[in-house]
Structure formats: C-alpha cells, structure tokens
Amino acid sequence: MLFGTGGTIASRLDYRTGAVIPAFSPGELYGSVPELANLCNLRTEKLYGVFSENMGPEQYIKLAQRIGEEIANGVDGIVVGHGTDTMHHTAAILTFMVQNPPVPIVMVGSQRSSDRPSSDAALNLINAVKAAAEGDIAEVVVCMFGPTSDEYCLLHRGTRVRKMHSSYRSTFRTISDVPLAMVSPTQITPLRTDYRRRRKDHNVTINTAFEEKVTILYYYPNMLPDIVDAMVEKGYRGIVIAGTGLGHVNKPLYPALERAAKAGVHIYMTVQTLWGYVQMYVYETGREIMGLGVVPAANMLPEVAYMKLCWALGQTDDPEEVKRIMLTPVSDETTLREPYNGYLIYQGAIPEVQEFIRSIRR
Ligand code: ASP
C-alpha cells in the first residue's frame, strides 16, 4: 500500500513560475516507474498533497489510523510518500502512534522532482517499495538515497533519522547510530541485526494521542527568560530544550524554568549538537538545571523528544507517568551507547567510506 502525502516525490517543476508544485498522484508515479510492477501488487491512496511543513497532528493521526486499517486487512508492507523536510518528524510520531507493526512501514521522498535528470524519486521509490514488499524489517523506517552514488538507499530507523542537508540527495543521516540496512533494486543488505522482524499476524497497536501545546526551545546565548514565561502564560504544557553542549542554558533562564516546572510544565533537555548524550552530571550547572525540574532526555533527538512529549502529554499529565513514557524507549529513540562508527561510517560521502562499504559488500 502506497500512501501519498505530497512533497517533491509527488511533484514536478512548473516551468512558468519555476515553482515545484504537487502534481503526480502516487498512482501516476506508479505508472511512470514500471519497475514497481515487478516488486509487488501496488495499491495507492493519496491522503494529502502538501509540502511537508504543512503536516501536523491531523495528518499524523489519519495516517496512523489508515496504516492500522491496512495492517488489519493483511497488507504485506506500507510505503508513505512524504516531503523530505519534515519526514523525520513524521517518522518519529508514526513510530509512537503505530507500535509493533507486523510489516515494514517505509517512508520515502525525493530531493529532486521526477522531471529532473538528477532526480532521486524513482530510485528512492523502487527501493522503498522493495523494502516494504520484500524486506524483513517491520518498523517505521526512512528509505532515502545513500552516499553520493546512485547505487543504493539507506534504511534509517524512524527515531534516529534526520534531514541534514538542504539540497543534497544523500541528505538523511542516522544520528548517533548506524543505519539499519542498504537497499538496492536487487538486494537488501542489513547493517545490523537488532531490528523487529516481519510477522505473519495482523496485529498492531495504534495510539494516536497528541497534545499540541508543546514546543522546542532552541537555546542561544542571551536568550531572555521572558520567552519561557510567555510559554507558560500561553498554556504550553511541554517544553523540549535543545541546549548547548551536554545540555545547558544560561543562568538568567533558571528562575523562569523553575516557575514553569512549578506551574506543571513538563521540561526535557536534549542537545543541539544532535550527536551525543545530554550529560547533566558533568558540570555543577547541569545538576542545578535538573534541580529546577528539567529532565535529561539521554540521546533523544530534539524533534523526536518533541514528538514523544506531544504523544505522552496526549495521554497523561502526571509528571511521573510522562517521565516513564518519555524515558522508556519504544524504538531506540534513546540508546545505551553510541557505536564507535555511528558518526560517519556508512553514511559519509568520502572515498574511504565508499571503499569501506564496497569491501563489506564484496
Ligand atoms: N519542501 C519539500 C517538502 O518537504 C521538499 C521535499 O519533498 O523534498 O515537502
């Protein structure tokens, strides 16, 4: 089942205005990429036709519900065509809303529209359909162009993936971990073994809870405390801080954070370095911030923590329960350690990495 939500993968260039407009329905895409017919019996459904900055709770919930229905009906795999800009946000929330699926749920997009010679649309789509139809990884994953060459895509776990370049086709990276697999039109090569396997049953847990009054506070030096007070005043129930380094904000913010926490706002700390862990025991300041009621969120990416907090606060307001939900991993949104090769290997675009990958494939 291919669900379309929009984005460049469903677009072509409008040569009059130069704008990229949503034009190809998933059905038309299927027609223009005949290789798909050899992979599976494809059905398509256009849920939305939006660029991905316009995705939000309404779309996430409908998507999760439709995925649940298709799984209950016995579908063998699901592909979600999506704009790349916020694909990692949707991948994260789908991971929380659609738990323990028996089949792969593969998100796919393209950085260049399909009417351009350098388009990645067809390759990404073929590989995503292959991963969904034939793959063994029954999780929410992102399937996008691998490093530099047109040879394969990488499958990234939905909670560890992030768009990292505004225009390169190989824009997605698995952060603080290694991707799940390489996919080419002819084969799927797992890069690790700790994934959930495809099952024959049709069981899945759908939980579409979502609280909108949650925000990410991207800290910058000299952030003024009134911004935190304003959030409390406006009724925000959750704040994910993307702090500096190991998880810091400036001193003037402390009283405001304490006021927010006392007012019942749930506050979690992540790092704006993206790679690595919040570590609030290293410096006195970190310990002080925790004392204000700010909870460290390990190595959860800021956007993932944001989505998880929206989902958690949609279910409960009890601080201990929210904390339990936040700190109990559903699918590696926090991990115990970063693998030594998680930073660059498999994903870079430098010759040594390419050579390494080739040697593994031989
Ligand atoms: N702006 C587009 C979107 O995210 C970009 C893309 O699809 O790659 O919808």
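Our structure is the block above this text.
Reading the values: the criteria
Residues numbered from 1 in each chain as written. Predicted model: local features only at pLDDT ≥ 70, side-chain atom pairs only at ≥ 80, totals over all residues. Heavy atoms only, no water. Salt bridge = Lys/Arg side-chain N within 4 Å of Asp/Glu carboxyl O. Helix = DSSP H or I, 4+ residues; strand = E, 2+ residues; numbered from the N terminus. Buried < 20%, exposed > 50% of the residue type's maximum accessible area, 1.4 Å probe, protein only. Arc of directions from axis to C-beta. Contact = heavy atoms within 4.5 Å. Core = buried A, V, L, I, M, F, W, Y, C linked by side-chain atoms within 4.5 Å. Polar contact = N/O pair within 3.5 Å; in protein donor to acceptor, adjacent residues only side chain to side chain. Near = heavy atom within 4 Å. Areas by Shrake-Rupley, 256 points an atom, 1.4 Å probe, with all protein chains shown as cover. Nonpolar A, V, L, I, M, F, W, Y, C, P; charged D, E, K, R; others polar. Pairing = 2+ DSSP bridges. Axes fitted to C-alpha atoms, helices over the stretch in contact; angles between N-to-C directions.

A closer look at the pattern of salt bridges
Once their charged atoms are close, side chains differing in charge can pair, the charge on each being opposite to the other.
Right, so step 1: Summed over all chains, the structure comprises 22 salt bridges.
Right, so step 2: Between Lys130 and Glu134 there is a salt bridge whose closest N-O contact spans 2.6 Å. Taken together, the positions of Lys130 and Glu134, both in helix α5 (residues 121–134) and 4 residues apart, correspond to about one turn of that helix.
Right, so step 3: Judged by its relative accessible area of 42%, Glu134 falls in the partly exposed class.

Looking at helix α8 (residues 284–291)
Right, so step 1: Every buried residue of α8 is listed here: Gly286, Ile289 and Met290. Angular distribution of buried residues about the axis of α8 spans 100 degrees; they occupy a single face of the element.
Right, so step 2: Residues of α8 that are buried make contact with α7 (253–262), β17 (266–271) and β18 (294–296).

Thoughts on the nonpolar core
Right, so step 1: By size, the foremost hydrophobic cluster in this structure holds 54 residues, and its most contacted members are Ile67 and Ile78.
Right, so step 2: Mapped onto this core, the elements with two or more residues apiece are α3 (57–72), β5 (78–81), α4 (87–97), β7 (105–108), β8 (140–145), α9 (302–313) and α10 (319–327).
Right, so step 3: Filtering out sequence-adjacent residues up to four positions away, Ile78 remains in contact with Met1, Phe3, Ile67, Glu70, Ile71, Pro104, Ile105, Val106 and Ala132.
Right, so step 4: Of all hydrophobic cores here, the second largest spans 25 residues; its members include Val79, Cys153, Leu155 and Val183.

Considering the side chain of His88
Right, so step 1: Its place among the elements puts His88 in helix α4.
Right, so step 2: Judged by its relative accessible area of 5%, His88 is buried.
Right, so step 3: Within the local environment of His88, its side chain forms a polar contact with the backbone nitrogen of Lys163, the two atoms lying 3.5 Å apart.
Right, so step 4: Not counting chain neighbours up to four residues away, the residues in contact with His88 comprise Gly158, Val161, Arg162, Lys163, Phe172 and Glu303.

Regarding the site of the ligand
Right, so step 1: Close contacts around the ligand come from Gly7, Thr8, Phe51, Ser52, Gly83, Thr84, Asp85, Ser110 and Gln111, and that covers them all.
Right, so step 2: The backbone of Ser110 places a nitrogen or oxygen atom 2.9 Å from an oxygen atom of the ligand.
Right, so step 3: Alone, the ligand offers 260 Å² of accessible surface; in the complex the protein occludes 88% of this.
Right, so step 4: Tallied by class, residues from the shell around the ligand come to 1 nonpolar, 7 polar and 1 charged.

Regarding the sheet that holds strand β1 (residues 2–4)
To summarise the sheet geometry, strands pair through backbone hydrogen bonds and adopt either a parallel or an antiparallel arrangement.
Right, so step 1: Across the sheet, 8 strands lie side by side as β4-β1-β5-β7-β8-β9-β12-β13; this open sheet has mixed pairing. Edge positions in the sheet fall to β4 (44–46) and β13 (188–190), since each of these pairs with one other strand and no more. Within this sheet the neighbouring strands show an average axis-to-axis angle of 25 degrees, counted without direction.
Right, so step 2: Pairing between β8 and strand β9 (residues 153–157): 5 bridges, direction antiparallel. Directly across from Met144, in β9, lies its bridge partner Leu154.
Right, so step 3: Across the face of the sheet, α3 comes into contact with β1, β4, β5 and β7 while running at roughly 155 degrees to β5.
Right, so step 4: The sheet contacts of α4 involve β7 and β8, and relative to β8 the element is tilted by about 160 degrees.

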